[in-house]
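Architecture at a glance
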Amino acid sequence: MKNYQKIITKIYNDLKNIDDTGKIANYIPELANVDDTNFGIHITTIDRNFFGIGDSKKKFSIQSISKILTLTLAYQLEGEKLWKRVDVEPSGNPFNSLLQLESDLGIPRNPFINAGAIVVCDVLISHLKNPKEDFLNFCRILSKNPDLNYSEKVAQSEKSSGYRNIALCNFIKSFGNIKNDIDVVLDFYFYTCALEMTCKEVSEIFLFLADDNFTNQEGNRVLTMSQAKRINAILLTCGFYDESGEFAFRVGLPGKSGVGGGIVAIHPDEFCITVWSPKLNKKGNSYKGMLFLEQFTTETESSIF
Ligand code: GLU
């Protein structure tokens, strides 16, 4: 096996003190209270070897990384019908854009932009008795980790400043692609974004996308192999907003970022890696996270291409 600890330590030291031109997200007030010098990395291999450095065991707001989890549960519950409600095309637009919804008649381009994730939340609400509790429970069983939780503060902060998401939800509802009450859908969406995890926890919860033999705490498969392959495909093409092409070009792995500064990347059949550094580039992706992963896949020759 490659000496991952040595490799991540070297890249961490190379990047730790560089001039980070990114900016912390402040449109959700609570996110701006995070120390922007945090920098953590964690790798979990499918053989359950663990490698971490820096702030890899500090909780952070995973934000849009949770869109993979809501999608996974919705795919499990709804099956292929899900793709009638949300498409699988890259949007080439910012994560919170309303633009394409008008011409696309309220069908979001993909589940990893806000519009798509809001529709996925609506699908989940139609299936779950207590959406917030049931979804959290799904995450805990998936990761075999009872410590996972929402940040109440982040959820409330996002609720009080979520103007674009409120607009998106109303706009989609006007096309009939939101079936439940707007306030219930938004409340659930804001909580899912407010999940908190460490880099270590993130790299463990997404092992099901790397390990074909993965089973959850109850010994069940989470998705079929074909479904997991499809989620990886959407991650590769749509996981980084309008910088998805750039991420595939520079890093070459399926992955997902969040405006809390986290990025998770998956190497099918090998590992899951998470980087957290809160300052974001202009497209909303962690500035250092992108640099780290680019250097990492170059040094380990682990791009999937
Ligand atoms: N909660 C954020 C929002 O809805 C998620 C954005 C992100 O991480 O891409 O604006």
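To start, this report covers the structure provided alongside it. Source: prediction; values computed, not measured.

Bringing the packing of helix 4 (residues 114-127) against helix 7 (residues 163-174) into the picture now. At a closest axis distance of 10 Å, the pairing of helix 4 and helix 7 adopts a crossing angle of 65°. Judged by the twist between their axes, the crossing of helix 4 over helix 7 is right-handed. Contacts between helix 4 and helix 7 involve N114, A115, I118 and V119 from the former and N165, L168, C169 and I172 from the latter. Residues that form the contact of helix 4 with helix 7 fall into these classes: six nonpolar, two polar and no charged.

An order of 4-6-5 is seen for the three strands of this open sheet, with the pairing classed as antiparallel. Since the sheet does not close on itself, it has two edges, and those belong to strand 4 (60-61) and strand 5 (149-150), each with one partner. Sheet analysis places strand 4 next to strand 6 (residues 195-197), joined by two bridges and oriented antiparallel. Its bridge partner lying in strand 6, F60 is registered against M197. Sheet contacts for helix 8 (residues 182-193): strand 4, strand 5 and strand 6; angle to strand 6, the most-contacted strand, approximately 10°.

Buried residues dominate strand 2 (residues 40-45), accounting for six of its six residues. Residues G40, H42 and T44 line one face of strand 2 and the alternating positions I41, I43 and T45 line the opposite face, and both faces are buried. Relative to strand 3 (residues 50-54), strand 2 runs antiparallel, the two being bridged by five bridges. In the strand pairing of strand 3, G40 is matched with G54.

Here the structure, examined in full by the defined rule, presents 14 salt bridges. Between E299 and K10 there is a salt bridge, with its nearest N and O atoms 3.3 Å apart. Of this pair, E299 sits in helix 12 (residues 287-300) while K10 sits in helix 1 (residues 4-16), and the two are 289 residues apart along the sequence. For K132, the salt bridge is made with D187, and the minimal N-O distance between the two is 2.7 Å. Placement of K132 in helix 5 (residues 131-143) and of D187 in helix 8 is noted, with a sequence separation of 55 residues between them. Judged by its relative accessible area of 26%, K132 is partly exposed. Take D187: its relative accessible area is 14%, and that puts it in the buried class. Three or more residues are tied together by salt bridges with common partners; here these are K10, D14 and E299.

Another point: the layout of surface pockets. Estimates place the volume of the largest pocket at around 280 Å³. The residue inventory of the lining of the largest pocket, partitioned by class, reads seven nonpolar, five polar and four charged. Its volume calculated, the second largest pocket comes out at about 220 Å³. As for the second largest pocket, its lining consists of 17 residues, of which L209, D212, M225, A228 and K229 are closest to the centre.

With respect to spatial proximity, 14 residues lie near the ligand, and among them Y27, Q63, S64, E158 and Y241 are the closest. Here an oxygen atom of the ligand sits 2.6 Å away from a polar atom, N or O, in the side chain of Y27. Within the contact set of the ligand, a nitrogen atom lies 2.3 Å away from a side-chain nitrogen or oxygen of E158. Notes on the ligand: free accessible area 300 Å², of which the protein chains cover 99%. When each cavity is represented as a set of grid points, the ligand is found to reside in the second largest cavity. When grouped by side-chain class, the residues that make up the shell around the ligand number seven nonpolar, five polar and two charged.

Rules used in this analysis
- Residues numbered from 1 in each chain as written.
- Predicted model: local features only at pLDDT ≥ 70, side-chain atom pairs only at ≥ 80, totals over all residues.
- Heavy atoms only, no water.
- Axes fitted to C-alpha atoms, helices over the stretch in contact; angles between N-to-C directions.
- Helix = DSSP H or I, 4+ residues; strand = E, 2+ residues; numbered from the N terminus.
- Left-handed = near helix turned anticlockwise from the far one by under 90°.
- Contact = heavy atoms within 4.5 Å.
- Nonpolar A, V, L, I, M, F, W, Y, C, P; charged D, E, K, R; others polar.
- Pairing = 2+ DSSP bridges.
- Buried < 20%, exposed > 50% of the residue type's maximum accessible area, 1.4 Å probe, protein only.
- Salt bridge = Lys/Arg side-chain N within 4 Å of Asp/Glu carboxyl O.
- 1 Å grid on protein atoms, 1.4 Å probe; cavity = no way out; pocket = protein on both sides within 12 Å on 5 of 7 lines; lining within 4 Å.
- Points joined across faces, edges and corners; volume = space filled by probe spheres on them.
- Near = heavy atom within 4 Å.
- Polar contact = N/O pair within 3.5 Å; in protein donor to acceptor, adjacent residues only side chain to side chain.
- Areas by Shrake-Rupley, 256 points an atom, 1.4 Å probe, with all protein chains shown as cover.
- Sits in = over half its atoms within 2 Å of the grid points.

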